[in-house]
Amino acid sequence: MKEEELIARASSGDSLAMEELLTAYMGMVKAVARQYYIVGATCEDVSQEGMIGLYKAVVTYKREKGRFSAYAYACIKAAVIDAVKAASREKNKALNTSVPLENTVGLVSDVDITVNLVGGELMARIKSRLSPAEEEIFSMWAEGMSYAEIAKELGKTVKNVDNAVQRIKKKAKAVIKEG
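Position numbers for residues start from 1 in each chain and track the written sequence from start to end. Only residues with pLDDT of at least 70 are given local features in this predicted model, and only at 80 or more are side-chain atom pairs given and counted; all residues enter the totals for whole chains, interfaces and linings. Remark: hydrogens and water are excluded; side-chain values derive from all non-hydrogen atoms of the structure.

Novice: Help me out: how do you make sense of the nonpolar core in this one?
Specialist: One broad rule of soluble globular proteins: the nonpolar side chains tend to lie buried together. Throughout, nonpolar core names a set of buried Ala, Val, Leu, Ile, Met, Phe, Trp, Tyr and Cys residues whose side chains join them through atoms within 4.5 Å. Burial status follows relative accessibility: with a 1.4 Å probe on protein chains alone, a residue under 20% of its type maximum counts as buried, one over 50% as exposed, and anything between as partly exposed. Membership of the largest hydrophobic core comes to 25 residues, with the highest contact counts inside it found for A10, L21, L54, A57, V58 and F68. A run of H or I in DSSP counts as a helix once it spans at least four residues, and a run of E counts as a strand once it spans at least two, with each numbered from the N terminus. Among the elements of the structure, α1 (3–11), α2 (15–24), α3 (26–33), α4 (43–60) and α5 (68–87) are those that each provide at least two residues to this core. For this core, the leading source of residues is α5, giving 8 residues. Membership of the second largest hydrophobic core comes to 11 residues, among which are I137, I150, A151 and I168.

Here you go:
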């Protein structure tokens, strides 16, 4: 079967045609994947991201866009680069530097002690900057109470509580930046 026919059938839902195309371009996917590294991921994981890009290429390919192989290469590379960027974002830092729990046997008590010391010291520094009203709101908020529940209990408006929480967050960020 010609490649164009396979693409047409695969994009219209023929799973056998899709499988044949994915198999045919597996080498290209692996070649692209070998060029990139994602913290905490295996080469197989990176290849999987490339396969997603290849799948998207098959589904979105238009003949007038040029040769399929060039379009597929661009889609594969874009998917892998997107995955690398996503994995290296600051918000994923904790995930990328974490240690599996099974590797912490015997260390949990040491880790707990450190977290409690640092966490306690940090909380004390944050609380020292809060007004008595902010400290009360912070305690309730930290216990999981909603803004509405806090407002009702303290006889304040939800907007007052929200404003206080925003001030608390700002002060906490300042303390954390100071180290």
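Back to the text.
Novice: Looking at this structure, how should I read α3?
Specialist: Every α-helix carries 3.6 residues per turn, so stepping three or four residues along brings you back to the same face. Burial in α3 covers these residues: V29, V32 and A33. Each buried residue of α3 lies within a common arc of 100° when the element is viewed along its axis, so the set occupies one face. Here the buried face of α3 lies against α4 and α5. By definition, the arc is the one covered by directions from the helix axis to the C-beta atoms. Contacts are assigned to residue pairs that have any heavy atoms within 4.5 Å of one another.

Novice: For this particular structure, what's the right way to read the packing of aromatic side chains?
Specialist: The geometry of an aromatic ring pair comes down to the distance between the two centres and the angle between the two planes. Working definition: a ring pair exists when centres of Phe, Tyr or Trp rings (six-membered ring for Trp) sit within 6.5 Å. Plane angles under 30 degrees give stacked, over 60 give edge-to-face, the rest tilted. Tallied over the entire structure, the rule returns 3 aromatic pairs. On the basis of an interplanar angle of 85° and a centroid distance of 5.3 Å, the ring pair of Y25 and F68 is categorised as edge-to-face. With Y25 in the loop between α2 and α3 and F68 in helix α5, this pair connects stretches of sequence that are 43 residues apart. Overall, the relative accessible area of 9% leaves Y25 in the buried class. Residue classification places F68 among the buried positions, given a relative accessible area of 3%. Look at Y61 and Y71: their rings are 5.8 Å apart centre to centre, the planes differ by 45°, and that puts the pair in the tilted class. Linking Y61 in the loop between α4 and α5 with Y71 in helix α5, this pair joins segments that are 10 residues apart in sequence. By relative accessible area, Y71 is classed as buried at 17%. Ring pairs connect the aromatic residues Y25, Y61, F68 and Y71, which therefore count as one cluster.

Novice: What is the right way to read the environment of I150 from this model?
Specialist: Structurally, I150 is set in helix α9 (residues 147–154). Taking the relative accessible area as the measure of exposure, I150 reaches 0% and is therefore buried. Spatially, the C-alpha atoms of I150 and E136 are 9.4 Å apart, while their sequence positions differ by 14 residues. In this structure, I150 is in contact with I137, M140, W141, M145 and V161, ignoring residues within four places of it in sequence.

Novice: Help me understand α5 in this model?
Specialist: Under the convention used throughout, the expected extent of a helix is 1.5 Å for every residue step, that is, one less than its residue count. Over its 20 residues, α5 runs 28 Å from end to end, which matches the ideal 28 Å to within 8%, given 1.5 Å per residue. F68, Y71, A72, C75, I76, A79, V80, A83 and A87 are the residues of α5 that are buried. Viewed end-on, α5 has its buried residues packed into an arc of 160°, placing them on one side of the element.

Novice: In this structure, what is going on with a negative patch on the surface? I would like to understand it.
Specialist: Patch members must show over 30% relative accessible area and no salt bridge, and they are joined within 9 Å when carrying like charges or within 5 Å when they are nonpolar side chains of Val, Leu, Ile, Met, Phe, Trp or Tyr. Throughout, the Shrake-Rupley method with a 1.4 Å probe supplies accessible areas, and for residues the shown protein chains are the sole cover considered. Each reported salt bridge corresponds to a side-chain nitrogen of Lys or Arg within 4 Å of a carboxyl oxygen of Asp or Glu. For the purpose of counting charges, residues Lys and Arg are taken to be positive, whereas Asp and Glu are taken to be negative. His and the chain ends are not included. For the purpose of locating charges, the reference atoms are NZ of Lys, CZ of Arg, CG of Asp and CD of Glu. Where like charges cluster on the molecular surface, the negative patch consists of E136, E143, E149 and E153. Within the fold, E149 resides in helix α9.

Novice: Just to check I follow, could you spell out the side chain of S47 for this structure?
Specialist: Along the chain, S47 falls in helix α4. Setting aside residues up to four positions removed in sequence, S47 forms contacts with V29, K30 and A33.

Novice: I would appreciate a short explanation of the packing of α3 against α5 in the present structure.
Specialist: Describing two packed helices takes the angle between their axes plus the distance from one axis to the other. Contact geometry of α3 with α5 gives a least axis separation of 10 Å together with a crossing angle of 40°. Accordingly, the angle class assigned to the pair α3 and α5 is oblique. As for how α3 packs across α5, the hand of that crossing is right-handed. Between α3 and α5, the contacting residues are M28, V29 and V32 on the first element and S69, A72, Y73, I76, K77 and V80 on the second. Convention adopted: a line fitted to C-alpha atoms gives each axis, helices being fitted over their contacting stretch, and angles between N-to-C directions are expressed from 0 to 180 degrees. By the definition adopted for this analysis, an angle is roughly parallel if under 35 degrees, roughly antiparallel if over 145, roughly perpendicular if from 65 to 115, and oblique otherwise. For any pair of crossing helices, the crossing counts as left-handed if the nearer helix is rotated counterclockwise from the farther one by less than a right angle, and right-handed if it is rotated clockwise.

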